[in-house]
Amino acid sequence: MSEIGVVDKLEMAFRSIDDLCSSLTKEQWALPTDNPGWSVQDNLSHIIGTESAILGRAAPEHDPGEKPWVRNPIGAGNEVQVDFRRYWPPDKVLEEFREVSGERIKATQAMSADDLQAESWTPVGQGTVADLLAIRIMDIWVHEQDMRRAVGKPGNLEGPIAEHAFARHSTAMPFVVGKKVAPPDGTTVVFEVTGPAGGTIAVEKQGRANVLNEVPESPTVKLTMDLETFNRLCCGRGDPQELRKSVTIQGDTSLAAQILREFNFMI
């Protein structure tokens, strides 16, 4: 895995989004993504809204109305930022993204080591500023992949940011296996994610599920897939039954089907 720090990774994540968006046509901005209810432009608006909030900017006073894809308070807050910009011309949204991301880069580059270790709220509980940055890098990459799939421009599936996102997703596999699927004690599950940014995750359920230091020779089930499929399953993008076609299963197929149904851990 790359040793590049979170501050530099954040800038790299922003730059990759900018490079993608700079190439889009008006029609491509409006294409639907497999992030329910959101177009390509909506995904960028979401990133703008979250990074603006981190900068301390107030959310717009806007009522998006009820949306069928909004399922929780976090989703409702996200929708305010997205719907506020939903009918803006794409170049205005991209201009705001460049301004907001530029300010975020300035702010993070000015941070000392102590600043990065200061306490901070994160979407998964109390942590540090560095923890929040690590989550933001992953989230930005996830939405970049939403946008890339929609417009047919695959990219950024290897290198430091893809590696970072895979590492973040990997930490949730004990939760998926142990809490969401909850198989009998002694069950072992291996996730083999192919490609330069992928890797192997072995999980064992013994009371609670934990990552194993060594990969078992004969796990209860092994699921092999590429990074894009792994990301989509982790983030609830697309139909798990359809994505199963991109997963090679060895071992307990019934357990594999349960895992695929419960794979999504994102809010």
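No experiment lies behind these values; they were computed from the predicted model shown.

## Some details on the pattern of salt bridges
- One pass over the structure, following the stated rule, counts 21 salt bridges.
- Salt-bridge contacts for E228 lead to R149; the nearest nitrogen and oxygen are separated by 4.0 Å. Pair noted here: E228 is in helix 10 (residues 227-235) and R149 is in helix 7 (residues 129-151), with a separation of 79 residues, a long-range link.
- Sharing partners across several salt bridges, the network here consists of D34, D146, R149, E228, R232 and R237.

## A word on the sheet that holds strand 7 (residues 248-251)
- With mixed pairing, the five strands of this open sheet are ordered in space as 5-4-3-6-7. Both edges of this open sheet fall to strand 5 (208-211) and strand 7, since each of them pairs with a single strand only. Direction aside, the axes of adjacent strands within the sheet are offset by 20° on average.
- Bridge analysis of strand 3 (residues 188-194) against strand 6 (residues 221-226) gives six bridges, and the strand direction is parallel. Its bridge partner being in strand 6, E192 is matched across the sheet by T224.
- Along the sheet face, helix 12 (residues 253-262) touches strand 3, strand 6 and strand 7 and points at about 50° away from the line of strand 6.

## A closer look at the nonpolar core
- Counting residues in each nonpolar core, the largest one holds 63 residues, and the members touching the most others are L44, M173, F191, L223, F230, I259 and F263.
- Ignoring sequence-local partners within four residues, the contact set of F191 consists of M173, V177, G199, T200, I201, V203, L223, I259 and F263.

## Side note on the side chain of T33
- On the secondary structure map, T33 appears in the loop between helix 2 (26-29) and helix 3 (40-54).
- A relative accessible area of 13% places T33 in the buried class.
- For T33, the side chain forms a polar contact with the main-chain nitrogen of N35, separated by 3.2 Å.
- Within the local environment of T33, its side chain forms a polar contact with the backbone oxygen of W38, the two atoms lying 2.8 Å apart.
- Apart from the residues lying within four places of it in its own chain, the contact partners of T33 are W38, S39, V40, N43, D146, M147 and A150.

## Some points on helix 9 (residues 173-181)
- Within the sequence span of helix 9, burial applies to M173, P174, V176, V177, G178 and V181.
- If you follow the buried residues of helix 9, they end up packed against helix 8 (160-170), strand 3, strand 4 (199-206), strand 5, helix 10 and helix 12.
- Downstream of helix 9 by a residue or two, A182 has a phi angle that is positive, lying close to 55°.

## Notes on the packing of aromatic side chains
- Taken as a whole, this structure holds five aromatic pairs when the rule is applied.
- With a centroid separation of 5.7 Å and 75° between ring planes, the pair formed by F191 and F263 is classed as edge-to-face. Residue F191 is located in strand 3, and its partner F263 is located in the segment after helix 12; the two are separated by 72 residues in the primary sequence.
- Owing to a relative accessible area of 0%, F191 belongs among the buried residues under this scheme.

Analysis parameters
Sequence order as written defines residue numbering, which begins from 1 separately in each chain. Whole-chain, interface and lining totals are the exception, using all residues; otherwise, since this is a predicted model, local features are given only for residues with pLDDT of at least 70 and side-chain atom pairs are given and counted only at 80 or more. Where side-chain values are given, they derive from all heavy atoms of the structure, hydrogens and water being excluded. Between Lys or Arg on one side and Asp or Glu on the other, a salt bridge is scored when a side-chain nitrogen of the former is within 4 Å of a carboxyl oxygen of the latter. Segments assigned H or I by DSSP are reported as helices when at least four residues long, segments assigned E as strands when at least two residues long, and all are numbered from the N terminus. Any two strands between which DSSP finds at least two bridges are classified as paired. Orientation is described by axes fitted as lines to C-alpha atoms, over the contacting stretch for helices, and by angles from 0 to 180 degrees between their N-to-C directions. We call two residues in contact when some of their heavy atoms are within 4.5 Å. Take the buried residues of types Ala, Val, Leu, Ile, Met, Phe, Trp, Tyr and Cys, join any two whose side-chain atoms come within 4.5 Å, and each joined set is a nonpolar core. Only protein chains enter the area calculation, which uses a 1.4 Å probe; residues under 20% of their type maximum are buried, those over 50% are exposed, and those in between are partly exposed. Polar contacts, as counted here, are pairs of nitrogen or oxygen atoms within 3.5 Å of one another; within protein the pair requires one atom able to donate a hydrogen and one able to accept it, and residues that are adjacent in sequence qualify only if both atoms are side-chain atoms. We call Phe, Tyr and Trp rings a pair once their centres come within 6.5 Å, taking the six-membered ring for Trp, and we label the pair stacked below 30 degrees between planes, edge-to-face above 60, and tilted otherwise.

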